[in-house]
Amino acid sequence: MPLNKGKSKVPPFFRPKFPWAAPNPSSQLTSDPYEPLPQSTRAQTPRILAVEIPLNVLRPVAFRVFTKKHNLTLKSDALSLLCSFVGRRCGAEWRDSGAGEKLLDEVARQWRRNEGANGVLVDGGEGLKSVIRGLEVGGDSVVVSREKSFDIAGVPSSALYDGSGSMDDIGGTMEAGELEDVEPSAYLKVIDAFSQPKFAYNPLKKQFEKAPKPSLLPPPQTKTQLFRTRYNLLHQRLLRTEAFQLPTFSAASGSAAKAVNKLTPISNLLGRSGQSFLLFGMLGISPSGLLILLDPSGEIVLDLSVATAIPEDGSWFTPGCFCILDGAFEETGKFTVFTVGQPPAERRTASVEVFGHVDFLGNGVTLDMSVSSGGQQGRILRKAEKSLEDVKYLFIGEVELDGKGTLEALRKVFLEYETEPPLVVVLMGNFCSVAMGPSGGSVGYKEYFDQLASLLQHFPTLTSSSTFIFVPGDNDPWASTFSGGASTTLPRKPIPEIFTTRIKRVFTQSQNPNSVAWTSNPCRIGYFTQEIVVCRDDIFSRFQRNAINFKKPDHPMEDAPPEPDATGDEEVEEVDVETKNTKAFYLHSPSPPDLFCGIIGILLPLLIGQQLVLADPRMQPFVITYEACHVMNPGKLVQRRTARWVEYSPSIGKGKVCEVGF
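Every value quoted in this text rests on a predicted model; they were computed, and no experiment measured them. (Residues numbered from 1 in each chain as written. Predicted model: local features only at pLDDT ≥ 70, side-chain atom pairs only at ≥ 80, totals over all residues. Heavy atoms only, no water.)

Describe the packing of helix H1 (residues 55-69) against helix H3 (residues 99-115), with residues and values.
It is at 10 Å that the axes of H1 and H3 come closest, and there the two elements cross at 40 degrees. Between H1 and H3, the crossing angle belongs to the class labelled oblique. Crossing of H1 over H3 shows right-handed handedness. Touching Leu-58, Val-61, Ala-62, Arg-64, Val-65, Phe-66 and Lys-69 of H1 are Glu-101, Leu-104, Asp-105, Val-107, Ala-108 and Arg-109, all from H3. (Axes fitted to C-alpha atoms, helices over the stretch in contact; angles between N-to-C directions. Helix = DSSP H or I, 4+ residues; strand = E, 2+ residues; numbered from the N terminus. Parallel < 35°, antiparallel > 145°, perpendicular 65-115°, else oblique. Left-handed = near helix turned anticlockwise from the far one by under 90°. Contact = heavy atoms within 4.5 Å.)

Tell me about unusual backbone geometry, and please be specific about residues and values.
In this chain, Gly-429 is followed by Asn-430 through a cis amide linkage whose omega measures 15 degrees. In this structure, Asn-430 sits in the loop between strand E13 (424-428) and helix H13 (442-456). Following Asn-521, the chain continues into Pro-522 via a peptide bond in cis, with omega recorded as 0 degrees. With respect to the helices, strands and loops of the structure, Pro-522 is situated in the loop between strand E15 (516-518) and strand E16 (523-527). For Asn-71, which is not glycine, the phi dihedral falls at a positive 60 degrees.

Please provide a residue-by-residue account of the sheet that holds strand E12 (residues 393-396), values included.
The strand order E15-E14-E13-E12-E21-E22 describes an open sheet built from six strands, whose pairing is mixed. Edge positions in the sheet fall to E15 and strand E22 (654-661), since each has one partner strand and no second. The mean inter-strand angle of the sheet, taken between neighbouring strand axes irrespective of direction, is 20 degrees. The pairing of strand E21 (residues 642-649) with E22 spans eight bridges and is classified as antiparallel. Bridging across to E22, Tyr-648 finds its partner in Gly-655. (Pairing = 2+ DSSP bridges.)

Tell me about the packing of aromatic side chains, and name the residues and values.
Across all of its chains, the model carries 27 aromatic pairs by this definition. Here the aromatic rings of Phe-449 and Trp-518 are separated by 5.9 Å at their centres, their planes lie at 65 degrees, and the arrangement is edge-to-face. Note that Phe-449 is positioned in helix H13 and Trp-518 in strand E15, a separation of 69 residues in sequence. With respect to class, Phe-449 is no different from Trp-518; both count as buried. Ring centres of Phe-470 and Trp-518 lie 4.1 Å apart, and the angle between their planes is 15 degrees; on these two criteria the pair is classed as stacked. Remark: Trp-518 occurs in strand E15 and Phe-470 occurs in strand E14 (residues 467-471); sequence separation between them is 48 residues. Under the relative-accessibility criterion, Trp-518 is labelled buried at 15%. (Phe/Tyr/Trp six-rings, centres within 6.5 Å; stacked < 30°, edge-to-face > 60°. Buried < 20%, exposed > 50% of the residue type's maximum accessible area, 1.4 Å probe, protein only.)

Lay out the nonpolar core with the relevant residues and their values.
One finds Leu-410, Leu-427, Phe-449, Leu-452, Phe-470 and Ile-503 to be the most contacted residues of the largest nonpolar core, which totals 38 residues. Tallying contributions element by element places H13 first for this core, with six residues. Excluding residues that lie within four positions of it along the chain, Leu-410 makes contacts with Ile-396, Val-399, Leu-401, Leu-427, Leu-452, Leu-455 and Leu-637. Counting residues in each nonpolar core, the second largest holds 29 residues, with Val-182, Tyr-187, Ala-517 and Tyr-648 among its members. (Core = buried A, V, L, I, M, F, W, Y, C linked by side-chain atoms within 4.5 Å.)

An account of the pairing of strand E7 (residues 291-295) is needed here, citing residue identities and associated values.
Of all five residues in E7, four are buried; the element is thus mostly enclosed. In the sheet, strand E6 (residues 276-285) pairs with E7 via four bridges, with the strands oriented antiparallel. Each bridged residue has a counterpart across the sheet, and for Gly-284 the counterpart in E7 is Ile-292. Count of turn residues in the E6/E7 antiparallel hairpin: five residues, of which Gly-289 carries a positive phi of about 90 degrees. Bridge count for E7 against strand E8 (residues 298-303) is four bridges, and the pairing is antiparallel. Bridge pairing in E8 places Asp-295 opposite Gly-298.

Kindly report on the sheet that holds strand E17 (residues 530-536), identifying the contributing residues and their values.
An order of E3-E16-E17-E18-E20-E19 is seen for the six strands of this open sheet, with the pairing classed as mixed. The sheet is open, and its two borders are formed by strand E3 (188-192) and strand E19 (622-626), each paired with just one other strand. Taken pair by pair, the neighbouring strands of this sheet meet at an average axis angle of 20 degrees, ignoring direction. With five bridges connecting them, E3 and E16 associate as antiparallel partners. Bridge pairing in E16 links Asp-192 to Cys-523.

I'd like a rundown of H13, residues and numbers included.
Spanning 15 residues, H13 covers 21 Å between terminal C-alpha atoms, matching the ideal 21 Å at 1.5 Å per step. Along H13, the positions that sit buried rather than exposed are Tyr-445, Phe-449, Asp-450, Leu-452, Ala-453, Leu-455 and Leu-456. In the core, the buried residues of H13 are packed alongside helix H12 (406-416), E13, helix H14 (460-465), E14, helix H16 (501-509) and E15. (Expected span 1.5 Å × (residues − 1).)

Any chance you could break down the pattern of salt bridges for me, citing the residues and the numbers?
Counted according to the given criterion, the structure contains 17 salt bridges. A salt bridge links Lys-656 to Glu-647, with the nearest nitrogen and oxygen atoms 3.9 Å apart. Three or more residues are tied together by salt bridges with common partners; here these are Glu-398, Arg-536, Asp-538 and Arg-618. (Salt bridge = Lys/Arg side-chain N within 4 Å of Asp/Glu carboxyl O.)

What follows is the structure in structure tokens.
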């Protein structure tokens, strides 16, 4: 009997006899116009009447769940938040039905997952509020997720045997009604560099641990630890790639063993001249002006006379960046480089397997919630995120308020979204074409923002419905007072409040005072499970000034990958994006002259993010995806009587460059 190569079917006698297996004749559709259509048999989700639970009533239940079961200490302000949350979600039957205790158990588990071993004390701060806010999206389905996640007694046979359904599809209808009432602004959070939680990387455990609050005047070893952390992160990422993993079985063939790449520390090169090695480290300049490579074990002088970049014209190489060198160690003590390349990028889905339990933004959303391994809460957040198809983000770069046609261009852009206002409007500096000097200029700078406030008054729909975020540039105070518009210390503080009073008054009059945020440069935006990094920097010019030039070979290499088909600006965009993402450090070297070393460590993306907004006015606007990281550059707002910006749709994770004449 020939085998059936098609889809296998379960024999009828193996199928369980469910009451709903046989079709109901009364449910069949008919063409008779006088025959009424059958009513929907789907049970409606009952509405729960919120109640107020006294503290002394909930305290023993919370003590049994948090203290005895999860070894947590609950403060009084946290207990007040839980009383309001349980009474709102479970109603008067919170104790008899057991739903209140299950909900508290879910809150405690999520708190443990976000805070780790250091979060023994549960307070009513932003951490607990973010956990409650995340659980409110899923409604009652989050409470019963642990009890019903593997219960298939009530699953129809079609989902079990036909292979057409999944557990996500079965549970997807549970919270369909809850997603209609989701307010996207409630799950929007702007995190500046000075309020973001700080984590320290432990190279022994290969994990991140909570660190003390950063300081503007850290100890001297902080700067050394910054580069050491970057090295350890990239080194561990290299070892996780398939090309650097040793064979699993010792009986592997000799050819397979030779194909495995092995990184050699610089200290192990001593006495091994004439041999080829693969080194990984950071490029630097020695006190004598020679190009060297550094790693935690030592340093070595490089000879790039015959070196070839892989791929050619595919990335930037500058002092301060990390790279992989293939070459030979000479008797003179130099390392002759044959090929030099960037460390391979690691997709976010692969990095989540290692750091998925960490909440880097402090908004109660861990990294694994953005992928399928994020559990019930992550699945609900992703579904709510995709269901809001009308949500838009606007990224507008180089808004020089004193420039010719800037206010007119902004008016044209705002008119495009007056009827359908976006959720977020990000305005990035420089907000003045001339840097504010020590001799003055603050009066004129404030007048520019007053003119912007007068423009915003003509768009009450935007000011009442959208959140405006202002990111400073090099010419904005107060850093420009001492730098004259050159690159200053990173991160840069927000624009001082003395210049923003008029704009704040406009949003106060629109009864939406919390819809304006003056944040640092760079900053991050958290939206459900997405993380958007926003940075304003002239990084392309810095790459050009400090780039290392390689001699082009007479004939192309056989193993070199093909060059990209993009030409002109598209090729430069791809090169710039690849250089930053392979380092997983968007403030990539060559670094500015000074850094707040105690704070710059929290700006490490640690892995390739989901979205990166890099505002560089010296490059043309572009939107490109590299290794599942969507990179956007709005460029300069005004260009030859044309206004240009980037419109981003978080429901699909894509952006587009928009332009309109004025």
